[in-house]
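Descriptive structure summary
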Amino acid sequence: MEKLLAWLAERPQPLIVRYGTTTIIVAICFAVLRLVQLQSGVDSFFLMYPAVLLGALLFDRGSVFFTALLSTVLIVIFLPRQGGVIIPPSYWSPVTLFLLIGLALAALSEALRKGWERAIEAERAKDLLYRELRHRTKNDLAMAVSVLNLQARTQIKLEIRQALADAASRLHVLSKAHEQVEPTD
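First, a word on scope: everything that follows refers to the structure included in this document. (Residues numbered from 1 in each chain as written. Predicted model: local features only at pLDDT ≥ 70, side-chain atom pairs only at ≥ 80, totals over all residues. Heavy atoms only, no water.)

Digging into the packing of aromatic side chains
A full pass over the atoms with the stated rule returns 5 aromatic pairs. Measuring from ring centre to ring centre gives 5.0 Å for tyrosine 19 and phenylalanine 66, while their planes differ by 80°; the resulting arrangement is edge-to-face. One end of the pair, tyrosine 19, is in helix H2 (residues 15–40); the other, phenylalanine 66, is in helix H4 (residues 61–77), and 47 residues separate them in sequence. Residue class for tyrosine 19 comes out partly exposed when judged on its relative accessible area of 25%. (Phe/Tyr/Trp six-rings, centres within 6.5 Å; stacked < 30°, edge-to-face > 60°. Helix = DSSP H or I, 4+ residues; strand = E, 2+ residues; numbered from the N terminus. Buried < 20%, exposed > 50% of the residue type's maximum accessible area, 1.4 Å probe, protein only.)

Brief notes about the nonpolar core
Core analysis: the largest hydrophobic core is formed by 19 residues, its most contacted members being Phe45, Met48, Ile75, Leu79 and Val95. The greatest single-element share of this core, amounting to 5 residues, is contributed by H2. Sequence-distant contacts of valine 95, that is, excluding residues within four places in its chain, are made with Phe45, Thr72, Ile75, Val76, Leu79 and Ile87. (Core = buried A, V, L, I, M, F, W, Y, C linked by side-chain atoms within 4.5 Å. Contact = heavy atoms within 4.5 Å.)

Structural notes on the packing of H4 against helix H5 (residues 92–154)
For any two helices packed against each other, one specifies the inter-axial angle together with the distance between the axes. At a minimum axis distance of 9 Å, the contact between H4 and H5 shows a crossing angle of 160°. Taken as axis vectors, H4 and H5 run roughly antiparallel relative to one another. As H4 packs across H5, the resulting crossing turns out to be right-handed. The residues of H5 that touch H4, namely those facing Arg61, Val64, Phe65, Ala68, Leu69, Ser71, Thr72, Ile75 and Val76, are Val95, Phe98, Leu99, Gly102, Leu103, Ala106, Glu110 and Lys114. Its residues placed into classes, the contact of H4 with H5 shows 11 nonpolar, 3 polar and 3 charged. (Axes fitted to C-alpha atoms, helices over the stretch in contact; angles between N-to-C directions. Parallel < 35°, antiparallel > 145°, perpendicular 65-115°, else oblique. Left-handed = near helix turned anticlockwise from the far one by under 90°. Nonpolar A, V, L, I, M, F, W, Y, C, P; charged D, E, K, R; others polar.)

Overview of helix H3 (residues 49–58)
Residues of H3 that are buried include every one of Tyr49, Ala51, Val52, Gly55, Ala56 and Leu57, and no others. Summarising the contacts, the buried residues of H3 are in contact with H2, H4 and H5.

Considerations on the side chain of serine 71
Looking at the element boundaries, serine 71 is found in helix H4. The contact partners of serine 71, leaving out residues within four places of it in the chain, are Val26, Met48 and Phe98.

A closer look at the packing of H3 against H5
Between H3 and H5, the least distance of the axes is 8 Å, while the angle of their chain directions is 30°. On the basis of their axis angle, the class for H3 and H5 is roughly parallel. In terms of crossing hand, the pair formed by H3 and H5 is right-handed. Contacts between H3 and H5 involve Tyr49, Val52, Leu53, Ala56, Leu57 and Leu58 from the first element and Leu97, Phe98, Ile101, Gly102, Leu105, Ala106, Ser109, Glu110, Arg113 and Trp116 from the second.

Observations regarding the pattern of salt bridges
The final tally for this structure, using the stated rule, is 3 salt bridges. The closest approach of N and O atoms between glutamate 123 and lysine 126, which form a salt bridge, is 3.4 Å. One end of the pair is glutamate 123 and the other is lysine 126, both in helix H5 and 3 residues apart, which spans about a single turn. A relative accessible area of 36% places glutamate 123 in the partly exposed class. Among the residues examined, lysine 126 registers a relative accessible area of 44% and is labelled partly exposed. With its nearest N and O atoms 3.1 Å apart, the salt bridge here joins lysine 126 to aspartate 127. (Salt bridge = Lys/Arg side-chain N within 4 Å of Asp/Glu carboxyl O.)

Some remarks on the environment of glutamate 121
Within the secondary structure layout, glutamate 121 lies in helix H5. Its relative accessible area of 49% is what places glutamate 121 among the partly exposed residues. Here the alpha-carbon distance between glutamate 121 and lysine 138, two residues 17 residues apart in the chain, equals 26 Å.

With respect to the side chain of glutamine 37
Assignment of secondary structure puts glutamine 37 in helix H2. One polar contact links glutamine 37 to arginine 34, side chain to side chain, over a distance of 3.0 Å. Discounting chain neighbours no more than four positions away, the residues touching glutamine 37 are Val42, Asp43, Ser44 and Phe45. (Polar contact = N/O pair within 3.5 Å; in protein donor to acceptor, adjacent residues only side chain to side chain.)

Here it is in structure tokens:
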């Protein structure tokens, strides 16, 4: 997921870049749609959905809705005309359905990208907190070793001094073991 987002441009881009790029993407998808229509005679409105999806992944909500609306306008412009009506009655349902699905896809894709960004940000925050926890644990163990060593130096009895030095040594070993089980980046 992080690799995919790394390929995507940072937000927000300049207005001309967002709308210009989405217009180019729509033009490419529309050219493919027209080629398919000319070759097969079938209206393949679904070929415009990749433009909406790409617009959502690459840019913000406004340019995505622009993509869906521009796609719909291009589809309507190139519909066969019957009696001067803008949208022939036989195309009302397909065009309306295309627009509704395009807008829903735009909203869902925008939500997906925001979810990815939030998940990656949460992962980074978790990593930072984990590194801080490791650092504090290491410091706490080092502090405990130092306190035990100081106490050992002040003791007159050799057995107590040795016991405190042994405890400090065990904590030092525990600290080294803690370093060994730390995950690497």
